[in-house]
Amino acid sequence: MTATLVRDALGREFTDDLARLLSWVQGEQGCPLWPPVSSHVAWMDGVATGAVYRNGQFQIECCIVSPNKFITPHVHPDVDSFEVALAGMAFWHMNRPVVTLAEVGRARADGVSPFAFGCIRVERDEVHHGQAGPEGGLFLSVQRWASWRKPTTIADCWVGETMGCDMPAHVWEIRVIGDTLMDIHTRWEDKTEGHRMSGYFDVLIGAFSLGDGFTVVRLDSQHFVLPGWDTNDTRGGAGPHFDVVFSRPGIAELSARRLWEKWRSR
Ligand SMILES: [Fe+2]
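Residues numbered from 1 in each chain as written. Predicted model: local features only at pLDDT ≥ 70, side-chain atom pairs only at ≥ 80, totals over all residues.

**Regarding the overall build of the protein**
Threshold: Secondary structure follows DSSP: runs of H or I at least 4 residues long count as helices, runs of E at least 2 residues long count as strands, and numbering of each begins at the N terminus. Working definition of a contact: two residues with C-beta atoms, positioned from the backbone, lying within 7 Å.
On a plain count of helices and strands, the protein comes out with three helices and 20 strands. At a minimum sequence separation of 6, the contacts of the protein that also span at least 24 residues come to 52%.

Next up, the structure:
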């Protein structure tokens, strides 16, 4: 049997057990790491992700979660995935506990998490959430992205409650004055300052209008859409004006995209 030979970037050759481990990591039969050169790492509100494999629409991200971090309920509308527990991570799938925090604290006699490589399938639009244990959480996200979407980080394809100010929501606080006048205070979730504007409610069409000719369309009791409202000033005025869907905070956010698609296809 020939010894595994590994050559490092300095041209040095190794055949010891550490070299054998590295050979497995690099080998086609082991764990093929195939990292992309862009959109490969992200940090978001106590969660760090690194893409260790990307090939076409397939991707594997290693996710590191800070101690005791709660990952709020969410869906990934354009990604079908397996979430693979490595250690210290509790998961819920459609509100059903898959791995609990009490279980996360246990370890096998050899120190390995009893849930290492246990996984849950998370199909598009399936709500899931998580919780890291006191030493933090580690899991792999093994993904297939929809054909129409270029893979980046899974955090870019997130619909759900925000986890913190790295992904702030645009908050509108609306006060109705009399029958038709609306006083609207807008701000980003992580800012205390914003600006005020007025709206005018039209009871006949069940909508309200803003200055500049914008009319807000009511989707249901918890959502409205502002067609073409997107402030592309954050992109230097370049690119399209997207529709913006507003949702009551929380779980209602999960159905915002579906309602918008239904409205757009009328
Ligand atoms: Fe997720």
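**Some words on the sheet that holds strand β16 (residues 195-202)**
Condition: By the convention used here, strands pair only if DSSP detects at least 2 bridges between them. Between N-to-C directions, angles cover 0 to 180 degrees, with each direction set by a line fitted to C-alpha atoms, over the stretch in contact for helices.
Spatially, β14-β15-β16-β17-β18-β19-β20 is the arrangement adopted by the seven strands of the open sheet, whose pairing is antiparallel. Looking at which strands have only one partner, the edges of the open sheet turn out to be β14 (170-177) and β20 (244-247). Averaged over neighbouring strand pairs, the angle between their axes works out to 30° when direction is ignored. Across four bridges, β16 lies against strand β17 (residues 207-210) in antiparallel orientation. Bridging from a neighbouring strand, D202 pairs with A207 of β17.

**With respect to the pairing of strand β5 (residues 58-65)**
When strand β4 (residues 47-55) meets β5, the two strands line up antiparallel, connected through eight bridges. Paired with T49 across the two strands is C63, which belongs to β5. Where β4 hands over to β5, the hairpin turn is made up of two residues, of which G56 adopts a positive phi near 65°. Where β5 lies against strand β12 (residues 137-145), eight bridges are found, and the strand directions are antiparallel.

**Details of the sheet that holds strand β13 (residues 159-160)**
Spatially, five strands are ordered β9-β8-β11-β6-β13 in an open sheet, and the strand pairing comes out antiparallel. In this open sheet, the two edge strands, each paired with only one partner strand, are β9 (96-99) and β13. Bridge count for strand β8 (residues 89-93) against β9 is three bridges, and the pairing is antiparallel. Bridging across to β9, W92 finds its partner in P97.

**Some words on the pairing of β14**
Formally: Counting other C-beta atoms within 10 Å of a residue's own tells you its class, since 20 or more makes it buried, 12 or fewer makes it exposed, and anything in between is partly exposed; those C-beta atoms are placed from the backbone.
Counted residue by residue, β14 has zero buried out of eight residues, so it is predominantly exposed. In this sheet, strand β15 (residues 181-188) lies alongside β14 in antiparallel orientation, the contact comprising eight bridges. Its bridge partner lying in β15, V171 is registered against R187. Adjacent in sequence and paired antiparallel, β14 and β15 are bridged by three residues, among which G178 carries a positive phi angle near 70°.

**Concerning the nonpolar core**
Note the following rule: Under the definition applied here, buried Ala, Val, Leu, Ile, Met, Phe, Trp, Tyr and Cys residues are grouped into a nonpolar core through C-beta atoms within 7 Å.
By size, the foremost hydrophobic cluster in this structure holds twelve residues: V47, C63, V65, I71, V84, A85, M89, A90, F91, V99, A132 and F139. The set of elements that each furnish at least two residues to this core consists of β5, β7 (79-87) and β8. It is β8 that provides the largest number of residues to this core, a total of three residues. Discounting residues that sit within four places of it in the chain, F139 has contacts with C63, E83, V84, A85, L86 and M89.

**Describing the confidence of the model for the protein**
Selection rule: On a range of 0 to 100, pLDDT expresses the predictor's confidence in each residue.
Model confidence for the protein is summarised by a mean pLDDT of 82, while 83% of its residues fall at 70 or above. Mean pLDDT values over the elements of the protein span from 64, in helix α2 (residues 101-104), up to 94, in β5.

**Quick notes on unusual backbone geometry**
If you check the backbone angles, N68 has positive phi at about 65° while not being a glycine. Among the secondary structure elements, N68 is positioned in the loop between β5 and β6 (70-75). Even without glycine at this site, D125 takes up a positive phi of about 70°. Along the chain, D125 turns up in the loop between β10 (119-122) and β11 (128-132).

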